[in-house]
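Here is how the chains run, residue by residue.
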Amino acid sequence: MSIITIVGAGMMGSAMCFPASDNGHQIRLVGTPYDREVIQRIQQDNFHPRLGMPLPPNVTAWQYEDMDEALKDCNLLIAGVASFGVDWFAENVLSRIPDDLKVLSITKGLEDEPDGSLVPISVAYNRYKLAPGRKLSICSIGGPCISMELCKRLHTSVALCGDDSDVLHWIKSQLITTYYHIQPTRDVVGIECAVAMKNAYAVGVSLAIGLAQRNGEELSNPQAALFGQSVREMLRLVHLFGGQTESVIYATSDLYVTINSGRNRKLGEALGQGMTLQQVLDKYPGMTLESIPIITKAARALRKRHELGTANFNKFPLLRHLDEIINQGAEVRIPWNEFG
């Protein structure tokens, strides 16, 4: 039995309690400062108000102030924060753990650099979010996994990536179940880049849903065509930044579930209906939309590469249009004639 500490009591961080618990581990779920009321409720009767169900009996809930105690003697640390919380997690959690503690990140996001590089979150932690000279063993996971379905123990298959095969197989042994299937890979760039970009392209595909609703129609062809263009652009982007294109399979399957339900579908659908970004944010206050910074950073990186002559931004017309909608207030006018 291991002690697994999960930081972040949001939907996916909390859902990870289920496969970890089913392996007989002791789970410590630690809330961020934003999770205070959630943790208080769990401490009362083990009921998670966001999931709408009780957590497994071998899960204990801890407030942020008890972080040090929750980290004591743990064997695996799971980062369950959203991409907006990466800096907070590095400063307040990673800064206080021993270098030999294994870390698993479930955060979807990318960092862009001045030269047009896109850096996976797990790499960014070690590159410039920790004190100079520190290096932690940080793996990440991605693939088709809706939090509520994981809690219901429905089958899924995800990719676990990192640069140390022994660590990958150890983490797999801690979390794999009869329903949570894990495929280890060392393609960190390919997996993290693709599964982050699927959030961006889920917005793109969902534009067609909103456009159809605006016209009182229910259409499949536009969605399918946008899905295909999304996969095409993810393949190009992963190849451009040195990942294995095969890793896009996990993002493609994740894109499928995201456009059927999820926050990024809501964003794309609302934009397609004609709402502005601000109107969407006003309609869904407090909703985490990781697709917005991902679209912004990826487009900025590709635009820089285009200026340097190391990439052709015109090969990413859907991403470019998403950036125009999100950051320039452009109307939805899908550039169909530029696809391919």
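Summary of the structure given here. (Residues numbered from 1 in each chain as written. Predicted model: local features only at pLDDT ≥ 70, side-chain atom pairs only at ≥ 80, totals over all residues. Heavy atoms only, no water.)

**Points about the packing of aromatic side chains**
With the rule as written, the count across this model stands at three aromatic pairs. Judged by centre distance (5.6 Å) and plane angle (50 degrees), the ring pair of tyrosine 64 and tryptophan 88 falls under tilted. Separated by 24 residues along the polypeptide, tyrosine 64 in the loop between strand S5 (59–62) and helix H4 (67–71) and tryptophan 88 in helix H5 (residues 86–92) bring together distant segments of the chain. Looking at tyrosine 64, the relative accessible area reads 19%, which means it is buried. Here tryptophan 88 falls in the partly exposed class, since its relative accessible area comes to 21%. Across the ring face of tryptophan 170, the terminal group of lysine 102 is positioned such that the distance to the ring centre comes to 4.8 Å. (Phe/Tyr/Trp six-rings, centres within 6.5 Å; stacked < 30°, edge-to-face > 60°. Helix = DSSP H or I, 4+ residues; strand = E, 2+ residues; numbered from the N terminus. Buried < 20%, exposed > 50% of the residue type's maximum accessible area, 1.4 Å probe, protein only. Lys NZ or Arg CZ within 6 Å of the ring centre and 35° of its normal.)

**Topic: the packing of helix H9 (residues 188–214) against helix H11 (residues 248–258)**
Where H9 meets H11, the axes come as close as 8 Å, and the angle between the chain directions of the two elements is 25 degrees. For the element pair H9 / H11, the angle class is roughly parallel. Here the hand of the crossing between H9 and H11 comes out right-handed. Contact residues: Ile191, Ala194, Val195, Lys198, Tyr201 and Ala202 in H9; Val248, Tyr250, Ala251, Asp254, Leu255 and Thr258 in H11. Looking at the contact of H9 with H11 residue by residue, the classes come out as nine nonpolar, one polar and two charged. (Axes fitted to C-alpha atoms, helices over the stretch in contact; angles between N-to-C directions. Parallel < 35°, antiparallel > 145°, perpendicular 65-115°, else oblique. Left-handed = near helix turned anticlockwise from the far one by under 90°. Contact = heavy atoms within 4.5 Å. Nonpolar A, V, L, I, M, F, W, Y, C, P; charged D, E, K, R; others polar.)

**So, the side chain of aspartate 254**
Along the chain, the position of aspartate 254 falls in helix H11. Aspartate 254 sits in the buried class, given a relative accessible area of 4%. Those residues within four positions of aspartate 254 in sequence are excluded, and the remaining contacts are Lys108, Gly143, Pro144, Cys145 and Lys198.

**Topic: empty space enclosed by the protein**
Per the counting criterion, the structure on display carries one cavity of 30 Å³ or more. Taken as a whole, the largest cavity encloses approximately 40 Å³ of empty space. What lines the largest cavity is simply Ser105, Ile106, Thr107, Lys108, Gly109, Ser140, Ile141, Glu192, Val195 and Ala196. At the level of secondary structure, the elements contributing two or more residues to the lining of the largest cavity comprise strand S10 (138–142) and H9. (1 Å grid on protein atoms, 1.4 Å probe; cavity = no way out; pocket = protein on both sides within 12 Å on 5 of 7 lines; lining within 4 Å. Points joined across faces, edges and corners; volume = space filled by probe spheres on them.)

**Describing the pairing of strand S11 (residues 156–161)**
In terms of burial, S11 is a largely internal element, five of the six residues being buried. The pairing of S10 with S11 spans three bridges and is antiparallel. Within the sheet, the bridge partner assigned to glycine 142 lies in S11 and is alanine 159. Note: S11 against strand S12 (residues 180–185), six bridges, orientation parallel. Looking at S12, one finds that leucine 160 is bridged to proline 184. Once the chain exits S11 it traverses helix H8 (residues 165–175) before rejoining the sheet at S12, and the crossover so formed is right-handed. (Pairing = 2+ DSSP bridges. Right-handed = clockwise from strand over helix to strand, strands pointing away.)

**Re the layout of surface pockets**
The space that makes up the largest pocket amounts to roughly 1,400 Å³. Forming the boundary of the largest pocket are 47 residues, of which Met11, Met12, Arg263, Thr288 and Glu290 lie nearest the centre. Elements supplying a minimum of two residues to the lining of the largest pocket: helix H1 (11–15), S10, helix H7 (147–151), H9, H11 and helix H12 (263–272). Tallied by class, residues from the lining of the largest pocket come to 22 nonpolar, 17 polar and eight charged. Within this model, the second largest pocket holds a volume of roughly 230 Å³. Around the second largest pocket, the lining comprises 14 residues; the ones closest to its centre are Gly274, Met275, Ala330, Glu331 and Val332. Of the residues in the lining of the second largest pocket, the class split is seven nonpolar, four polar and three charged.

**Overview of the pairing of strand S7 (residues 102–105)**
On any regular strand, side chains alternate: one points to one face of the sheet, the next to the other face. Inspection of the sheet shows strand S6 (residues 76–79) paired to S7 by four bridges, in the parallel sense. For leucine 76, the partnering residue across the bridge sits in S7 and is lysine 102. After leaving S6, the chain enters H5 and then returns to the sheet as S7, a path that is right-handed.

**Points about the nonpolar core**
Counting 54 residues, the largest nonpolar core has Met197, Tyr201, Met234, Leu237, Leu267, Leu271 and Leu319 as its most contacted members. Only S11, H9, helix H10 (221–240), H11, H12, helix H13 (277–283), helix H14 (291–308) and helix H15 (317–328) provide two or more residues apiece to this core. Leucine 267 has contacts with Val203, Leu277, Val280, Leu289, Ser291 and Ile292, leaving out every residue within four places of it along the chain. In terms of nonpolar packing, the next biggest core, distinct from the first, is built from 36 residues, Phe18, Ile27, Val59 and Leu104 among them. (Core = buried A, V, L, I, M, F, W, Y, C linked by side-chain atoms within 4.5 Å.)

**Brief notes about the environment of glutamate 290**
Its location among the elements puts glutamate 290 in the loop between H13 and H14. What makes glutamate 290 buried here is its relative accessible area of 9%. For glutamate 290 and lysine 108, which are 182 residues apart along the polypeptide, the C-alpha to C-alpha distance reads 7.7 Å. Excluding residues within four positions of it along the chain, glutamate 290 makes contact with Ala82, Ser83, Phe84, Lys108, Asn199 and Asn264. For glutamate 290, the side chain forms a polar contact with the main-chain nitrogen of serine 83, separated by 2.7 Å. (Polar contact = N/O pair within 3.5 Å; in protein donor to acceptor, adjacent residues only side chain to side chain.)

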